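# Coordinate inspection notes
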Amino acid sequence: MKLWGGRYEVETDNALHHLNRSILFDQRLWKVDLEGSIAWTRELRQAGYLSAEEVSALVEGLRAIMKEWEGGEFQVRESDEDIHSANERRLTELLGEVAGKLHTGRSRNDQVATDERLFLRTEVEQLQGEIRQLQAALIGQAEEGIDLILPGYTHLQQAQPIRWSHWLLQWVWMLERDRERISQAARRANLSPLGAGALAGHSLGADCESAASALGFEHIIPNSLDAVSDRDFILEILADAAILGTHLSRLAEDLILYSTREFGFVRLDPRFTTGSSIMPQKANPDALELARGKSGRLIGNLVTLLVTMKGLPSSYNKDLQEDKEPLLDTLDTLHALLPVLAALIGTLQPQGERMRAALDDALLATDLADYLVRRGLPFRQAHHAVGQAVAIAEKQGISLRELPLDYYQGLQENCDETLYELFDFERSVEGKSGGGGTGRAGVLAQLEAAKKLLE
Ligand code: ARG
C-alpha cells in the first residue's frame, strides 16, 4: 500500500511508478533516515502522541531495521517508492499498527531534507580527510625537493626559474581554500528542517529544537517553507566540489605535461599508469587524465542542480528529488579520485637533472634587466635592451651569458664582470624573496605553515 494511497481508487501507472521511484539511489540515506526517525519518536513522546511503550517499540523496530541494512539483509521491494517509504513499510511489517504513528506531524518533505543534511555531515568529514591526505603528499614531496629548480612557465612559455617545492606548494593552498569552503558549507547546512512538515510546520505542539539538538543540529530552520525547499547546502557542496575539481584538473594537466618524454621533469610510478592494447611501449598517465576528465562531471553536477532549482515555485516540488544523483555522483567521484591522486603524488619521482637541463638562460632575462636598472638604466629601456640581447643571442645560436662584456657595456656603460654572476639559476631563485616568492627562505616558511595545517 502506498503511503499516500487513501484518495486513490486505482493503482499508479506502472511506468510512472518507475519514473517516480528513487529508492535505487536514495537508499544510501538509510542510516540517517532511521536516525531522523528515532529522534522524531522522542519528539512525539514529548508532545504526548506516543506512550513510553510505543516509543520503545518504535525505537527498537527502527534499530532492527538499521541492523538489516548494516548486514545487507534489508529487502528492497519492487513496490518501495523511496527510502522513507521502504523503512516505514518494513517497520509496519515488524511492528504492525503502531508503526503508523511514526509519521505523525512529519512529511517526507522535511524528512528528506533532514536526511540529506545528516548524510552530508559524514561525507564532508571523509572528504576533508581525503583532501588532507593529498595535501600531505604534496608537502612531503615539497620537503624532499627543496633543492630542485625547474623552469616556471607563463603562457606555457619558459618565464623564470622556480623551486620544485614552490610548484608543489601552490596546490596545497588551493586545496586549503577548497577544504575551508567545504567546511563552511557544512556549517551552514547544520540546521534542522525536521518538524517543518509538508510546508507549513506542524500542529503537534512539539518543540522541535530538542529533536534538532538530538540530531546534532545547531537549531531549526526558522521558516518551514524554506526548510522543505532549500537545497543551497547541496548547491554549495557541488560548487565547492566543482572548484576543487578544476584545481585537480590543472594539477593533473601540469603533471601530464611534465611526465612526457619531452619534458621529463617527473616520472610516474608505474602503479599509476596504464598500458596500451596496441602500442607495447606505452605507459599512459590515465590517473591524471581521469582527474582532468572528472572535473567535467563535477562541474556538470553543479549545473544540473542549478538548472533544476531555477524557476521552481517556492516550497517543495518533486523536481527536488533530482538533487540526489548529482550530489551522490560528486561525492563518489571525489572519494574515488582524491586517494589516487594522493598516492600518485606520494610516489612521484622528480627528475632533477631533466629540470636543470631545461633551464635556459633566457629565464634570467628579467634578472638581467633588473641588473641594468640597478646600474642606472630606466626599466623600460633595460627591458627593451635585454629583449634585443635575447634576439641577437638567439640569432647567433648562443646563450645570454656568452655575449661579451662590451656588448653589455654598450647597453649601459658601467656594467662590469659582476654581470655574469647573474647567470646562476640558484641565485636568481634566491633573489625572489618578496611577494610569496620562490626563494628558499620563503618556501621553507610556506612549508612550515603548510605543515601546521596538517596538525
Ligand atoms: N523521494 C522524495 C524526494 O527525494 C521524498 C519527498 C517526497 N515528497 C513528496 N511530496 N512526494 O524528494
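Look a little higher up for the structure.
Residues numbered from 1 in each chain as written. Predicted model: local features only at pLDDT ≥ 70, side-chain atom pairs only at ≥ 80, totals over all residues. Heavy atoms only, no water.

Quick look at the nonpolar core now. One finds Leu134, Trp164, Trp167, Leu248, Leu255, Leu344 and Ile345 to be the most contacted residues of the largest nonpolar core, which totals 101 residues. Considering every element that reaches this core, the biggest residue donor is helix 10 (residues 232-258), with 15 residues. Each residue touching Leu255, except ones within four places of it in the same chain, is listed here: Trp167, Val266, Leu288, Leu344, Ile345 and Leu348. Counting 23 residues, the second-largest nonpolar core is a separate cluster that includes Leu377, Ala389, Leu403 and Val429. (Core = buried A, V, L, I, M, F, W, Y, C linked by side-chain atoms within 4.5 Å. Buried < 20%, exposed > 50% of the residue type's maximum accessible area, 1.4 Å probe, protein only. Helix = DSSP H or I, 4+ residues; strand = E, 2+ residues; numbered from the N terminus. Contact = heavy atoms within 4.5 Å.)

Time to look at the site of the ligand. What surrounds the ligand is the set Ser22, Asp26, Asp82, His84, Arg108, Asn109, Val112, Tyr316, Lys318, Gln321 and Lys324. Asp82 is positioned such that a nitrogen or oxygen atom in its side chain is 3.0 Å from a nitrogen atom of the ligand. Here a nitrogen atom of the ligand and a side-chain polar atom of Asn109 are 2.8 Å apart. Relative to its unbound accessible surface of 340 Å², the ligand loses 86% to contact with the protein. (Near = heavy atom within 4 Å. Polar contact = N/O pair within 3.5 Å; in protein donor to acceptor, adjacent residues only side chain to side chain. Areas by Shrake-Rupley, 256 points an atom, 1.4 Å probe, with all protein chains shown as cover.)

Turning to the environment of Gln111, a few remarks are in order. Within the element layout of this structure, Gln111 appears in helix 6 (residues 108-144). Separated by 234 residues in the primary sequence, Gln111 and Ile345 have C-alpha atoms spaced 41 Å apart. If sequence neighbours within four positions are ignored, Gln111 has contacts with Asp33, Ser37, His84, His103 and Arg106. Within polar-contact distance, the side chain of Gln111 engages the side chain of Asp33 at 3.0 Å.

Considered as a void within the structure, the second largest pocket measures approximately 430 Å³ in volume. Lining the second largest pocket are 21 residues, and of these Gly152, Tyr153, Trp167, Gln170 and Asp254 sit closest to its centre. Those elements that provide at least two residues to the lining of the second largest pocket are strand 1 (149-154), strand 2 (157-163), helix 7 (164-189) and helix 10. In terms of residue count, the dominant contributor to the lining of the second largest pocket is helix 10 (5 residues). By residue class, the composition of the lining of the second largest pocket is 11 nonpolar, 6 polar and 4 charged. (1 Å grid on protein atoms, 1.4 Å probe; cavity = no way out; pocket = protein on both sides within 12 Å on 5 of 7 lines; lining within 4 Å. Points joined across faces, edges and corners; volume = space filled by probe spheres on them. Nonpolar A, V, L, I, M, F, W, Y, C, P; charged D, E, K, R; others polar.)

Turning to the packing of aromatic side chains, a few remarks are in order. Tallied over the full model, the rule gives 13 aromatic pairs. Here the aromatic rings of Tyr153 and Tyr258 are separated by 6.4 Å at their centres, their planes lie at 40°, and the arrangement is tilted. Taken together, the positions of Tyr153 in strand 1 and Tyr258 in helix 10 put the pair 105 residues apart, joining distant regions of the chain. With a relative accessible area of 5%, Tyr258 lands in the buried category. Arranged with centres 5.7 Å apart and planes meeting at 70°, the rings of Trp167 and Trp171 form a pair that is edge-to-face. Remark: Trp171 and Trp167 occur in helix 7; sequence separation between them is 4 residues, near one turn of the helix. On the basis of relative accessible area, Trp167 is assigned to the buried category, the value being 3%. Using a relative accessible area of 5% as the deciding quantity, one classes Trp171 as buried. Pairwise contacts between aromatic rings join Tyr153, Trp164, Trp167, Trp171, Tyr258, Phe263 and Phe265 into one cluster. (Phe/Tyr/Trp six-rings, centres within 6.5 Å; stacked < 30°, edge-to-face > 60°.)

Here helix 11 (residues 286-309) crosses helix 12 (residues 324-346) at 160°, and the two axes come no closer than 10 Å. Viewed along their axes, helix 11 and helix 12 adopt a mutual orientation that is roughly antiparallel. When the axes of helix 11 and helix 12 are compared, the crossing they make is left-handed. Along the contact surface, helix 11 presents Ala287, Leu288, Ala291, Lys294, Arg297, Leu298, Asn301 and Thr304, while helix 12 presents Pro326, Asp329, Thr330, Thr333, Leu334, Leu337, Val340, Leu341 and Leu344. Of the residues assigned to the contact of helix 11 with helix 12, the class counts are 10 nonpolar, 4 polar and 3 charged. (Axes fitted to C-alpha atoms, helices over the stretch in contact; angles between N-to-C directions. Parallel < 35°, antiparallel > 145°, perpendicular 65-115°, else oblique. Left-handed = near helix turned anticlockwise from the far one by under 90°.)

All right, on to empty space enclosed by the protein then. One pass over the structure, following the stated rule, counts 3 cavities of 30 Å³ or more. Size it by volume and the largest cavity reaches roughly 40 Å³. Elements with a minimum of two residues in the lining of the largest cavity: helix 3 (30-46) and helix 5 (83-95). Split by residue class, the lining of the largest cavity holds 3 nonpolar, 5 polar and 3 charged.

Pairing between strand 1 and strand 2: 6 bridges, direction antiparallel. Residue pairing across strands places Tyr153 opposite Gln158, the latter belonging to strand 2. (Pairing = 2+ DSSP bridges.)

What follows deals with the environment of Phe25. The topology assignment puts Phe25 in helix 2 (residues 23-26). Counting along the chain gives 201 residues from Phe25 to Asp226, while the straight-line C-alpha distance between them is 24 Å. Once residues lying within four places of it in the same chain are set aside, the contact partners of Phe25 are Gln321, Lys324, Glu325 and Leu328.

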